[in-house]
Amino acid sequence: KLSLGERFPRLSAARVVTDDGSLYLGPVPSVGFARRAIEAVESVVPLRRCTLRSGSTPQVHPCAPAQLGVATCPCSGQVNETAYATLVEHVAQGLTNQPGLLLQPLEKRMHRLAAQERFEEAATVRERARVLSGCLLRQRRFNLLRRSGSVRVRTKNYGGADLVDGRLERAWTELPVDDPPSVQDGGLGVPDDCPPGPVPKEDADEL
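What counts, and where the lines are drawn
Residues numbered from 1 in each chain as written. Predicted model: local features only at pLDDT ≥ 70, side-chain atom pairs only at ≥ 80, totals over all residues. Heavy atoms only, no water. Helix = DSSP H or I, 4+ residues; strand = E, 2+ residues; numbered from the N terminus. Buried < 20%, exposed > 50% of the residue type's maximum accessible area, 1.4 Å probe, protein only. Contact = heavy atoms within 4.5 Å. Areas by Shrake-Rupley, 256 points an atom, 1.4 Å probe, with all protein chains shown as cover. Pairing = 2+ DSSP bridges. Expected span 1.5 Å × (residues − 1). Polar contact = N/O pair within 3.5 Å; in protein donor to acceptor, adjacent residues only side chain to side chain. Salt bridge = Lys/Arg side-chain N within 4 Å of Asp/Glu carboxyl O. Axes fitted to C-alpha atoms, helices over the stretch in contact; angles between N-to-C directions. Parallel < 35°, antiparallel > 145°, perpendicular 65-115°, else oblique. Left-handed = near helix turned anticlockwise from the far one by under 90°. Nonpolar A, V, L, I, M, F, W, Y, C, P; charged D, E, K, R; others polar.

Participant: What is the right way to look at the overall build of the protein in this model?
Facilitator: In terms of regular secondary structure, the protein is built from 6 helices and 3 strands. The linear arrangement of helices and strands in the protein, starting from the amino end, is α-α-α-α-α-β-β-β-α. Put simply, the protein has 207 residues, and 31% of those count as buried. Nonlocal contacts in the protein, meaning residues at least 24 apart in sequence, comprise 45% of its contacts between residues at least 6 apart. If you sum the accessible surface of the protein, you get close to 13200 Å²; carbon and sulfur atoms cover 52% of it.

Participant: Sorry, what's going on with the pairing of strand β3 (residues 167–173) here?
Facilitator: The side chains of a regular strand alternate between both faces of the sheet. Strand direction decides the pairing type here: strand β2 (residues 159–164) and β3, joined by 6 bridges, are antiparallel. Note that in β3 the partner of Ala161 across the bridge is Ala171.

Participant: Got a minute to help me understand the pairing of strand β1 (residues 150–154) in this structure?
Facilitator: Alignment of β1 against β2, held across 5 bridges, turns out to be antiparallel. The residue bridging Val153 from the neighbouring strand is Ala161, located in β2. Linking β1 back to β2 in an antiparallel pair, the connection comprises 4 residues, with Tyr158 at a positive phi of about 60°.

Participant: Would you take a moment to explain helix α1 (residues 31–42) for this structure?
Facilitator: Note on helix geometry: an α-helix contains 3.6 residues per turn, so any two residues three or four positions apart are oriented the same way. In this model α1 runs 16 Å from its N-terminal to its C-terminal C-alpha over 12 residues, within 8% of the 16 Å that 1.5 Å per residue would give. Those residues of α1 not exposed but buried are Phe33, Ala34, Ala37, Ile38, Ala40, Val41 and Glu42. Residues of α1 that are buried in the fold lie against α3 (81–95), α4 (100–115) and α5 (119–147).

Participant: Hey, could you run me through the side chain of Ser22 in this one?
Facilitator: For Ser22, the position within the fold is in the segment before α1. Within polar-contact distance, the side chain of Ser22 engages the side chain of Asp20 at 3.1 Å. Contact partners of Ser22, with chain neighbours within four places excluded, come to Lys1, Leu2, Ser3 and Leu4.

Participant: Please clarify how the pattern of salt bridges should be interpreted in this entry.
Facilitator: Opposite charge on two side chains allows them to pair when their charged atoms are near. With the rule as written, the count across this model stands at 9 salt bridges. Note that Arg7 and Glu81 form a salt bridge whose closest N and O atoms lie 2.8 Å from each other. Here Glu81 lies in helix α3 and Arg7 lies in the segment before α1, a separation of 74 residues in the sequence. With a relative accessible area of 46%, Arg7 lands in the partly exposed category. With its nearest N and O atoms 3.6 Å apart, the salt bridge here joins Glu42 to Arg49. What makes Glu42 buried here is its relative accessible area of 11%. When salt bridges that share partners are traced, they join Arg152, Asp162 and Arg170 into one network.

Participant: When you look at the environment of Phe142 in this model, what are you seeing that I'm missing?
Facilitator: The residue Phe142 is located in helix α5 in this model. Along the primary structure Phe142 and Pro27 are separated by 115 residues, whereas in three dimensions their C-alpha atoms are 8.8 Å apart. In this structure, Phe142 is in contact with Gly26 and Pro27, ignoring residues within four places of it in sequence.

Participant: Can you help me understand the packing of α4 against α5 in this one?
Facilitator: In a pair of packed helices, the angle between the axes and the distance between the axes together describe the arrangement. Running from amino to carboxyl end, α4 crosses α5 at an angle of 160°, the nearest separation of the two axes being 8 Å. Put simply, α4 runs roughly antiparallel to α5. Where α4 crosses over α5, the two elements pack in a sense that is left-handed. Facing Leu102, Leu103, Leu106, Arg109, Met110, Leu113 and Ala114 of α4, the residues of α5 in contact are Phe119, Glu121, Ala122, Val125, Arg126, Ala129, Leu132, Ser133 and Leu136. Of the residues in the contact of α4 with α5, the class split is 12 nonpolar, 1 polar and 3 charged.

In structure tokens:
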């Protein structure tokens, strides 16, 4: 979540999507996955990391990440709203229309660290880039589904699902009409490998 409704937006892992004007990326597999994606973005763009609300009176000392030079600190007056808005817009574009704004700096840093034989650090950057690119690709697929209206998906196991604007409306297992009744199922015509009922978990995940 990029909290665009705040004076100085920040990134955080959100379990619930609310109508608060924020930019959301996801859903993603886990909170830990989301936090690794956040680390990837923050290593490229120095958004604030503190959770304090920025008041009209600046604090005396910048936060710890700002002192380390890895984040800006609006709370201490280190950056004004105009300059900070430029950082936020950079992140917003990278998470939506121009993923290269975030992924290319990570790739360059990874190659630079590898050339310096700092292989463990390069591997960390590579992992962050992998997680972030996975999030962005997943988001593009979700957005495509949301824009597609009504979509019906079928599986090889006589089942399927209906999705409307990206949301799962119905999932089912259906009976093939050309299979003869079997003795094992009491003559109901259900194939042995296709029990009636909800779509199995492995198929639901795939859907």
